Amino acid sequence: MGKYVVTGSASGMGHAAAERLRADGHEVIGVDQRDADVVADLSTKSGRSDAVRAVMKLADGVLDGAVFAAGVGAHAGKERLTVEVNVLGVTELLMALQPELAAAGNAKVVVFGSNSTTSTPFVPRRAIRMLTAGDTEGAVKLLRRRGPLAAPASYAASKLAVSRWVRAKAVTQQWAGSGIRVNLLAPGPVLTPLLRDQLASSSGKHVRSYPVPVREYGTPEQLAEWVMMMLSPAADFMAGSVITVDGGTEALLRPNDWPSPLPVRRVPRMLAALRNAPRSGQVADYSDV
Ligand code: NAI
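Rules used in this analysis
The residue numbering used here restarts from 1 in each chain and proceeds along that chain's sequence as written. Residue-level local features of this predicted model are given only where pLDDT is at least 70; pairs of side-chain atoms are given and counted only at 80 or more, and the full residue set underlies all totals for whole chains, interfaces and linings. Note that the side-chain values use all heavy atoms of the structure and ignore hydrogens as well as water. Helix and strand assignments follow DSSP, with helices taken as H or I runs no shorter than four residues and strands as E runs no shorter than two, numbered in order from the N terminus. Our radius of gyration looks at C-alpha atoms and nothing else; its globule reference is 2.2 Å times the residue count to the power 0.38. Under the scheme applied here, a residue whose accessible area is under 20% of the maximum for its type counts as buried, over 50% as exposed, and between as partly exposed, the area being computed with a 1.4 Å probe on protein chains only. Note on areas: Shrake-Rupley with a 1.4 Å probe; residue coverage comes only from the protein chains shown. For the purpose of charge, His is not counted, nor are the chain termini; Lys and Arg are scored as positive and Asp and Glu as negative. Charged groups are reduced to one reference atom each: NZ for lysine, CZ for arginine, CG for aspartic acid, CD for glutamic acid. A fitted line through C-alpha atoms represents every axis, and for helices the fit uses only the stretch in contact; the resulting angles, taken between N-to-C directions, go from 0 to 180 degrees. The hand of a helix crossing depends on one turn: near helix anticlockwise from the far one by less than a right angle means left-handed, and clockwise means right-handed. Any two residues whose heavy atoms approach within 4.5 Å at even a single point are treated as in contact. Classes in brief: Ala, Val, Leu, Ile, Met, Phe, Trp, Tyr, Cys and Pro nonpolar; Asp, Glu, Lys and Arg charged; the others, Gly included, polar. In this description, a nonpolar core means a group of buried Ala, Val, Leu, Ile, Met, Phe, Trp, Tyr and Cys residues linked to one another through side-chain atoms lying within 4.5 Å. By convention in this text, a residue qualifies as near a molecule or strand provided that one of its non-hydrogen atoms is within 4 Å of it. Polar contacts, as used here, are pairs of N or O atoms within 3.5 Å; protein pairs need one atom able to donate a hydrogen and one able to accept it. Residues neighboring in sequence count only if both atoms are side-chain atoms. Patches draw on residues past 30% relative accessible area with no salt bridge. Two like charges within 9 Å are joined, as are two nonpolar side chains (Val, Leu, Ile, Met, Phe, Trp, Tyr) within 5 Å. The working definition used for a salt bridge is a side-chain nitrogen of Lys or Arg within 4 Å of a carboxyl oxygen of Asp or Glu. DSSP calls a pair of strands paired once it identifies at least 2 bridges connecting them. Angular relationships are summarised with four words: roughly parallel below 35 degrees, roughly antiparallel beyond 145, roughly perpendicular across 65 to 115, and oblique for the angles in between.

(A) Seen up close, the overall build of the protein chain. Along the backbone of the protein chain there are 14 helices and seven strands. For the protein chain, whose C-alpha radius of gyration is 19 Å, the value lies close to the compact-globule estimate of 19 Å for 289 residues. Dimensions along the principal axes, computed over C-alpha positions, put the protein chain at roughly 60 × 50 × 40 Å. Looking at the 289 residues of the protein chain, the share that counts as buried comes to 46%. Of the roughly 15000 Å² of accessible surface on the protein chain, a fraction of 55% belongs to carbon and sulfur atoms. On the protein chain, the mean spot of the 33 positive side-chain charges and the mean spot of the 26 negative ones are 11 Å from each other.

(B) Layout of the packing of helix H2 (residues 45-59) against helix H3 (residues 79-96). H3 packs onto H2 with a crossing angle of 40° between their chain directions and a minimal axis gap of 10 Å. Between H2 and H3 the crossing geometry is right-handed. Between H2 and H3, the residues in contact are Lys45, Arg48, Ala51, Val52 and Met56 and Glu84, Leu88, Gly89, Glu92, Leu93 and Ala96, respectively. Tallied by class, residues from the contact of H2 with H3 come to six nonpolar, one polar and four charged.

(C) Layout of unusual backbone geometry. Look at the link from tryptophan 258 to proline 259: it is a cis peptide, with omega at 0°. With a phi angle near 45°, aspartate 35 is a residue other than glycine that sits in the positive phi range. In this fold, aspartate 35 is placed in the loop between strand S2 (27-32) and strand S3 (38-39). Positive phi values are uncommon outside glycine, yet arginine 215 reaches one of about 65°. Within the element layout of this structure, arginine 215 appears in the loop between helix H10 (204-209) and helix H11 (220-231). On the basis of relative accessible area, arginine 215 is assigned to the exposed category, the value being 77%.

(D) The arrangement of the nonpolar core in detail. If you look at the biggest cluster of nonpolar residues, it comprises 30 residues, and the most contacted ones within it are Leu94, Leu101, Val109, Val111 and Val182. For this core, the secondary-structure elements that each account for two or more residues are S2, H2, strand S4 (65-68), H3, strand S5 (108-112), helix H8 (150-170) and strand S6 (181-187). Those residues in contact with leucine 94, other than ones at most four positions away along the chain, are Phe68, Leu101, Val109, Val111, Trp165, Trp175 and Val182. Of all hydrophobic cores here, the second largest spans 19 residues; its members include Ala18, Leu21, Phe112 and Leu223.

(E) Here's a closer look at the site of the ligand. Around the ligand sit 29 residues in total, of which Ser11, Met13, Asp32, Tyr155 and Thr192 are the nearest. Contact between the ligand and aspartate 41: a nitrogen atom at 2.9 Å from a side-chain N or O atom of the residue. A distance of 2.8 Å separates an oxygen atom of the ligand from a polar side-chain atom of lysine 159. In isolation the ligand has 820 Å² of accessible area, and contact with the protein removes 94% of it. Counting residues per element, the ones that place at least two in the shell around the ligand are helix H1 (12-23), H8 and helix H9 (193-200). Ranked by the residues each element gives to the shell around the ligand, the list is headed by H9, at three residues. Counted by class, the shell around the ligand contains 16 nonpolar, ten polar and three charged residues.

(F) Just a nonpolar patch on the surface, in detail. A grouping of Leu262, Val264, Val267, Met270, Leu271 and Leu274 is seen on the molecular surface, where their side chains present a nonpolar patch of about 560 Å² in accessible area. If you trace the backbone, valine 267 turns up in helix H13 (residues 267-275).

(G) View of the sheet that holds S5. Sheet architecture is open: seven strands sit in the order S3-S2-S1-S4-S5-S6-S7, paired in parallel fashion. Each edge of the open sheet carries a strand with a single partner, namely S3 and strand S7 (242-245). Bridging between S2 and S3 involves two bridges; their strand directions are parallel. Its bridge partner lying in S3, valine 31 is registered against valine 38. Running at roughly 170° to S2, H2 makes contact with strand S1 (3-7), S2 and S3 of the sheet. Along the sheet, H3 contacts S1, S4, S5 and S6; its crossing angle with S4, the most-contacted strand, is approximately 165°.

(H) Inspection of the packing of H1 against H11 at higher detail. Relative to each other, H1 and H11 sit at 55°, their axes nearing to 8 Å. Taken as axis vectors, H1 and H11 run oblique relative to one another. The way H1 lies across H11 gives a crossing that is right-handed. Counted together, Gly12, Met13, Ala16, Ala17, Arg20 and Leu21 of H1 and Pro220, Glu221, Leu223, Ala224, Glu225, Val227, Met228 and Leu231 of H11 form the full contact between these two elements.

(I) Geometry of the pattern of salt bridges. On inspection of all chains with the given rule, the structure shows 14 salt bridges. Here glutamate 225 and arginine 20 are joined by a salt bridge, their closest N and O atoms 2.6 Å apart. Here glutamate 225 is found in helix H11, whereas its partner arginine 20 is found in helix H1, with 205 residues between them in sequence. According to the relative accessible area criterion, glutamate 225 is partly exposed, its value standing at 41%. For arginine 20, a relative accessible area of 25% gives the class partly exposed. Of the charged contacts, one joins aspartate 37 and arginine 22 as a salt bridge, the two residues approaching to 3.6 Å between their closest N and O atoms. Linking aspartate 37 in the loop between S2 and S3 with arginine 22 in helix H1, this pair joins segments that are 15 residues apart in sequence. Owing to a relative accessible area of 48%, aspartate 37 belongs among the partly exposed residues under this scheme. Since its relative accessible area comes to 38%, arginine 22 is described here as partly exposed. One continuous salt-bridge network, built from bridges that share partners, spans Lys45, Arg48, Arg80, Glu84, Glu92 and Glu137.

Structure, rendered in structure tokens:
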């Protein structure tokens, strides 16, 4: 049986994933700001450092996997909180715990993104770049200039930044090359306390207006099953993927945007990747193909 760290274990999808892992006999180190093995505030630098120290102690050198589900929704005036928890609450913990994950040999990591990454308009691209580069201060300033749209733009920007960070890192020597499979789960609306709060807030009308072709919200238990699949050996052949589970919203809004052919401007990057293939992960032996 394995040992897994789950952030956001006190509620919603993190709670459902932790329960599901425990039901299968795994050991879970839950991290949350309440009701958890490790109680820590992931919105502050010191809280994140405390969380890392406590998890390391409980992990005792090895982690078979990690689920990053702690997150904050879109709240007016709380742009900084949103980006600190949703971005740094993942990236800082993941970087610090890399040695424990590498020690397992075939660890799996699931990071919660969101389908807001592809279905929210008016998200400044510069803010995403700033967040990905670690300039939280600058990004928050820029996002606040969006006025009444600052909250949804900050939420989407935080999820875009963490998703891009994960995709860029997942395929490197430090992660895929160290046996660690890092992937993203991007839910649409799932009935958890986070969504219930949003539905009851002043933006509830807007949240309700988003089309969901399957005509129902997801459940935390359904998403926990996807987490289990992404932690299983089925994910050995997966790195940097975004699994969208959203009742069809993204396909409805963006049917032709993805998949799309490689744009010409990306050809130099592709050629560089081909040149670096032995380092970046060329399969050694094609004799069975
Ligand atoms: P939830 O609100 O039910 O659970 C989130 C957990 O994160 C809570 O237990 C909360 O205490 C913890 N958390 C928040 N701030 C924290 C902090 N500063 N320090 C430590 N823990 C903190 O939310 P839900 O819906 O289960 O969300 C899980 C993830 O899925 C989040 O990252 C969310 O952004 C994402 N998501 C949720 C969707 C939904 O419709 N529910 C849709 C798309 C993505």
